[in-house]
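Residues per chain, in single letters:
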Amino acid sequence: MKLLEDRIRQDGTVLPGNVLKVDNFLNHQVDPQLMDQLGAEFARRFADAGITKILTVESSGIAPAVMTGLHLNVPVIFARKHKSLTLTDHLYTAKVYSYTKQVNNDISIDRRFLSPEDRVLIIDDFLANGQAVQGLLDIAKTAQIEVAGVGVVIEKRFQKGHKMVTDAGIQLEALASIAAFEDNTVTFAED
Ligand code: 5GP
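As annotated in an unreviewed UniProt entry, the chain carries the name Xanthine phosphoribosyltransferase and is attributed to Levilactobacillus parabrevis ATCC 53295. Entered under Function (unreviewed entry) in the UniProt record, the comment concerning the chain runs "Converts the preformed base xanthine, a product of nucleic acid breakdown, to xanthosine 5'-monophosphate (XMP), so it can be reused for RNA or DNA synthesis." According to UniProt, the comment filed for the chain under the heading Subunit (unreviewed entry) is "Homodimer."

Encoded structure:
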């Protein structure tokens, strides 16, 4: 999506450890008009997928997920992060290793919000090694719900997550695909 690539070129900063800082429009300060356009684009790409709900993880997945939910007219559920969980009877839980914070979190979704008839779309801000998406896939499996697709605002194609999702046969839509970081600049994938 050219609009997003232009914004990344303009406002993104490459940090050590293959981290792209985009906190001035995506995951700290949020540009609502851009989010609206990203949500509309995800909705267009998944229009025929029969989505009933959107799943994401707090906090940086929430903005794009909510805008996608608005355009698809479906509810949005964000998994909550906890350091470690004890009372879990009413929750679906999974373990997620955070790429940027390098800590393990339990993520959880209240069982009331998912039912076997649901067909969900997973949305997140970044796809790196795929841990966050894998955690949501684990929850979907436990809840016996179908995952119709995964939508990420930015994927780093050179890390493990892209292959993990596509190898699982799941439709993956990335609105910007980064092929490499070279000399602190971003190179986008051609397709
Ligand atoms: P994964 O679980 O796929 O390894 O990493 C995805 C999560 O880590 C995203 O939810 C995002 O919050 C964070 N993340 C991964 N890579 C980056 C990055 O390059 N920049 C930023 N800002 N966050 C990232």
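Now that the structure has been shown, we can carry on.
**Q** What is the right way to read unusual backbone geometry from this model?
**A** The phi torsion of most residues other than glycine is negative, and most of the peptide bonds are trans. With an omega of -10°, the peptide bond running from glutamate 58 to serine 59 counts as cis. Phi at aspartate 183 is positive, roughly 50°, even though this residue is not glycine. One can find aspartate 183 in the loop between strand 9 (172-182) and strand 10 (185-188).

**Q** Hey, could you run me through the pattern of salt bridges in this one?
**A** According to the stated counting rule, one finds 14 salt bridges in the structure shown. The partner of lysine 21 in a salt bridge is aspartate 23, with the nearest N and O atoms 3.8 Å apart. For lysine 21, a relative accessible area of 37% puts it in the partly exposed group. A relative accessible area of 26% means that aspartate 23 is categorised as partly exposed.

**Q** What should I look at first to understand the packing of aromatic side chains in this one?
**A** In this description, a pair of aromatic rings is defined by centroid distance and the angle of the planes. Counted under the stated rule, the structure contains 1 aromatic pair. Geometrically, the ring pair formed by phenylalanine 158 and phenylalanine 181 is edge-to-face, given 5.7 Å between the ring centres and 80° between the ring planes. Taken as a pair, phenylalanine 158 in the loop between strand 8 (146-156) and helix 5 (160-167) and phenylalanine 181 in strand 9 lie far apart in primary sequence, 23 residues in all. For phenylalanine 158, a relative accessible area of 34% translates into the label partly exposed.

**Q** Where do I start with the layout of surface pockets in this structure?
**A** Empty space among the atoms becomes apparent when a probe as large as a water molecule is rolled across them. There is about 790 Å³ of room inside the largest pocket. Lining the largest pocket are 34 residues, and of these Ser60, Ser98, Tyr99, Thr100 and Asp125 sit closest to its centre. Where the lining of the largest pocket is concerned, the elements lending two or more residues are strand 2 (19-21), strand 4 (76-82), strand 5 (91-97), strand 7 (119-127) and helix 4 (131-142). For the lining of the largest pocket, a count of residues per class yields 14 nonpolar, 11 polar and 9 charged. Reported here for the second largest pocket is a volume of approximately 240 Å³. Taken together, Val76, Ile77, Phe78, Arg80, His82, Leu91, Ser108, Ile109, Asp110, Arg112 and Phe113 make up the full set of residues lining the second largest pocket. Among the secondary structure elements, those contributing two or more residues to the lining of the second largest pocket are strand 4 and strand 6 (104-110). Per element, the largest residue contribution to the lining of the second largest pocket is 5 residues, and it comes from strand 4.

What counts and what doesn't
- Residues numbered from 1 in each chain as written.
- Predicted model: local features only at pLDDT ≥ 70, side-chain atom pairs only at ≥ 80, totals over all residues.
- Heavy atoms only, no water.
- UniProt positions renumbered as here; feature names shortened; annotations may be inferred.
- Helix = DSSP H or I, 4+ residues; strand = E, 2+ residues; numbered from the N terminus.
- Salt bridge = Lys/Arg side-chain N within 4 Å of Asp/Glu carboxyl O.
- Buried < 20%, exposed > 50% of the residue type's maximum accessible area, 1.4 Å probe, protein only.
- Phe/Tyr/Trp six-rings, centres within 6.5 Å; stacked < 30°, edge-to-face > 60°.
- 1 Å grid on protein atoms, 1.4 Å probe; cavity = no way out; pocket = protein on both sides within 12 Å on 5 of 7 lines; lining within 4 Å.
- Points joined across faces, edges and corners; volume = space filled by probe spheres on them.
- Nonpolar A, V, L, I, M, F, W, Y, C, P; charged D, E, K, R; others polar.

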